[in-house]
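# An overview of the molecular structure
The primary structure of each chain is shown beneath.
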Amino acid sequence: DAGITQSPRYKITETGRQVTLMCHQTWSHSYMFWYRQDLGHGLRLIYYSAAADITDKGEVPDGYVVSRSKTENFPLTLESATRSQTSVYFCASCYRDSTKAFFGQGTRLTVV
Amino acid sequence: QQPVQSPQAVILREGEDAVINCSSSKALYSVHWYRQKHGEAPVFLMILLKGGEQKGHDKISASFNEKKQQSSLYLTASQLSYSGTYFCGTEADFVNFGNEKLTFGTGTRLTIIP
């Protein structure tokens, strides 16, 4: 089905472990984003990508790594998970800048 | 830097009007508005581009004052279905601020009661 999908939907991991959140879109949108949502902070931009092989930091990039080898995929890796990274993570994509963004259903990550 | 939204929360009776404000410390190229229902992903409402336009659909409209770097979302004759958290997202003016991309505010929780 066309759209933007995230996996997994729920994840529990231990402190210090590496975890990767996946994001896949079928529209060939140029731009993709990763946000984390925490109570009181709204949506905060972690990383974004304007095209394959082009990524840039957002507001809260520390502790996260991204890559974009293919236009349709934009995985987010927590290299060594910490409890402060417990959050709901949303991936989004849009055709180009200043167009509507479509959000995935989110991944709820708990770091214990 | 996140745009600032106000109020943080508002409770209305069905049929009442609401205004949600969004302001930025940077010159803006565009303002987006999204609504998020509990446990769901944010859903696009509208975009306003540099040029000071006003847009709307149904009973939800918005304005964008680029000189003040502010936008307001207007919900008239609110319905129960309008309940949710509203986010403004901003894109800074590229000329002045380079490649800053879609940054969201902290949200405004709107509760409509019968």
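These lines cover the structure that appears in this document, whether it is placed above or below. Throughout this document, residue positions are counted from 1 along each chain, in the order its sequence is written. Naming scheme: in the order in which they are written, chains are lettered from A and ligands are numbered from 1. Reporting of local features is limited, given that this is a predicted model, to residues whose pLDDT is at least 70; pairs of side-chain atoms are given and counted only at 80 or more, and all residues count toward the totals for whole chains, interfaces and linings. Side-chain figures throughout are based on the complete set of non-hydrogen atoms in the structure, without hydrogens or water.

## Here's the deal with the nonpolar core
A general trend in soluble globular proteins is that nonpolar side chains are found buried together. If you look at the biggest cluster of nonpolar residues, it comprises 21 residues, and the most contacted ones within it are Trp33(B), Met46(B), Leu73(B), Leu75(B), Tyr82(B), Tyr86(B) and Leu110(B). Secondary structure elements are defined from DSSP: runs of H or I of at least 4 residues count as helices, runs of E of at least 2 residues count as strands, and each element is numbered from the N terminus. Taken together, the elements giving at least two residues each to this core come down to strand 2 (9-13), strand 3 (18-23), strand 4 (28-36), strand 5 (43-49), strand 7 (60-65), strand 8 (70-75), strand 9 (84-92) and strand 11 (108-113) of chain B. We define the nonpolar core as a collection of buried residues of types Ala, Val, Leu, Ile, Met, Phe, Trp, Tyr and Cys that are connected through side-chain atoms lying within 4.5 Å of one another. Only protein chains enter the accessibility calculation, which uses a 1.4 Å probe; a residue is then buried when its area is under 20% of its type maximum, exposed when over 50%, and partly exposed in between. Ile4(A), Leu21(A), Met32(A) and Val111(A) belong to the second-largest nonpolar core, a separate cluster that totals 18 residues.

## A closer look at the packing of aromatic side chains
Residue and element names in this part refer to chain A. Each Phe, Tyr or Trp ring (for Trp, its six-membered ring) is paired with any other whose centre lies within 6.5 Å, and the angle between the two planes then decides the class: stacked below 30 degrees, edge-to-face above 60, tilted in between. Taken as a whole and judged by the stated rule, the model has 12 aromatic pairs over all chains. Both rings, one in Phe-33 and one in Tyr-35, keep their centres 6.0 Å apart while their planes meet at 25°; by these two values the pair is stacked. When sorted by exposure, Phe-33 lands in the same class as Tyr-35, which is buried. Between Tyr-64 and Tyr-89, the aromatic rings sit 5.9 Å apart at their centres with planes inclined by 65°, giving edge-to-face as the arrangement.

## Brief notes about the state of the cysteines
In plain terms, two cysteine sulfur atoms within 2.5 Å form what is called a disulfide here. Under the criterion given, the structure shown has two disulfides over all chains. At a sulfur-sulfur separation of 1.8 Å, the disulfide partner of Cys23(A) is Cys91(A). An S-S torsion of about -75° defines the bridge between Cys23(A) and Cys91(A) as left-handed. Note that Cys23(A) is positioned in strand 3 (residues 19-25) and Cys91(A) in strand 9 (residues 87-94), a separation of 68 residues in sequence. Disulfide pairing places Cys22(B) opposite Cys88(B) at an S-S distance of 2.0 Å. Taking the torsion about the sulfur-sulfur bond, which here is approximately 70°, the covalent link between Cys22(B) and Cys88(B) counts as right-handed. A residue pair is termed long-range when its members are at least 10 positions apart, and Cys22(B) in strand 3 and Cys88(B) in strand 9 qualify at 66 residues. With no disulfide of its own, Cys94(A) lies closest to Cys91(A) among cysteine sulfurs, the gap being 11 Å. Judged by its relative accessible area of 4%, Cys94(A) falls in the buried class.

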